[in-house]
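So you can see what is in the structure, the chains are spelled out below.
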Amino acid sequence: MAKDVIHISEAEATSDFAALMARVRAGAKVIIENDARTVAVLHAAEPERRSISECIALAKAHEDETGIAPVLDPDFAEDVEAILSHRKAVEPASVGIVPGLSVRRRYPH
């Protein structure tokens, strides 16, 4: 379902909430109104995002737990290899870091 926007009354929302939630899971945004005033907006939750290091840790834990190593989709693996091969190293001086210099932050007491 495309990003439909559905406007319904409170009474309609309570009469068949399961069907309403099915529409939300399918991608619809539901605006529940009392007369012309919006009282609630229902939409699908944002997916949980993980960092690469979290994904690697989860993959290792899965392998340790099950004895089965995760296998990357070949296209995904190629994309990651292409990205990594084109990354440039950051020179410490270019981001204001001087090797061997210790920086202390002073905070007000």
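The structure displayed is predicted, hence computed values, not measured ones.

Reading the values: rules and limits
- Residues numbered from 1 in each chain as written.
- Predicted model: local features only at pLDDT ≥ 70, side-chain atom pairs only at ≥ 80, totals over all residues.
- Heavy atoms only, no water.
- Pairing = 2+ DSSP bridges.
- Helix = DSSP H or I, 4+ residues; strand = E, 2+ residues; numbered from the N terminus.
- Expected span 1.5 Å × (residues − 1).
- Polar contact = N/O pair within 3.5 Å; in protein donor to acceptor, adjacent residues only side chain to side chain.
- Axes fitted to C-alpha atoms, helices over the stretch in contact; angles between N-to-C directions.
- Contact = heavy atoms within 4.5 Å.

J.: I'm lost on the pairing of strand S2 (residues 29-34) in this one. Help?
T.: The side chains of a regular strand alternate, first on one face of the sheet and then on the other. Relative to S2, strand S1 (residues 5-9) runs parallel, the two sharing five bridges. From the neighbouring strand, Ile6 faces S2, where its bridge partner is Val30. For S2 and strand S3 (residues 37-42), the ladder comprises five bridges, and the chain directions are antiparallel. Note that in S3 the partner of Ile32 across the bridge is Ala40. The turn linking S2 back onto S3 is made up of two residues, and Asp35 within it adopts a positive phi angle of 60 degrees.

J.: Just checking my understanding: could you explain helix H4 (residues 74-85) for this structure?
T.: In an α-helix, one turn spans 3.6 residues, which is why side chains three or four residues apart end up on the same side. For H4, built from twelve residues, the straight-helix expectation of 16 Å at 1.5 Å per residue is met to within 8% by its first-to-last C-alpha distance of 16 Å. Capping the start of H4, Asp73 holds a side-chain oxygen 3.0 Å from the backbone nitrogen of Asp75, two or three residues further along.

J.: I keep staring at the sheet that holds S3 and nothing clicks. Help me out?
T.: Sheets are built from strands paired through backbone hydrogen bonds, the pairs being either parallel or antiparallel. Taken in spatial order, the three strands line up as S1-S2-S3 in an open sheet, and their pairing is mixed. Taken across any chain shown, the strands that pair with only one partner, and hence form the sheet edges, are S1 and S3. Strand-to-strand twist of the sheet, defined as the mean angle between neighbouring strand axes without regard to direction, takes the value 25 degrees. Helix H2 (residues 17-25) rests against S1, S2 and S3 of the sheet, and its axis sits at about 65 degrees to S3.

Function cannot be read off these values alone, since they describe shape.
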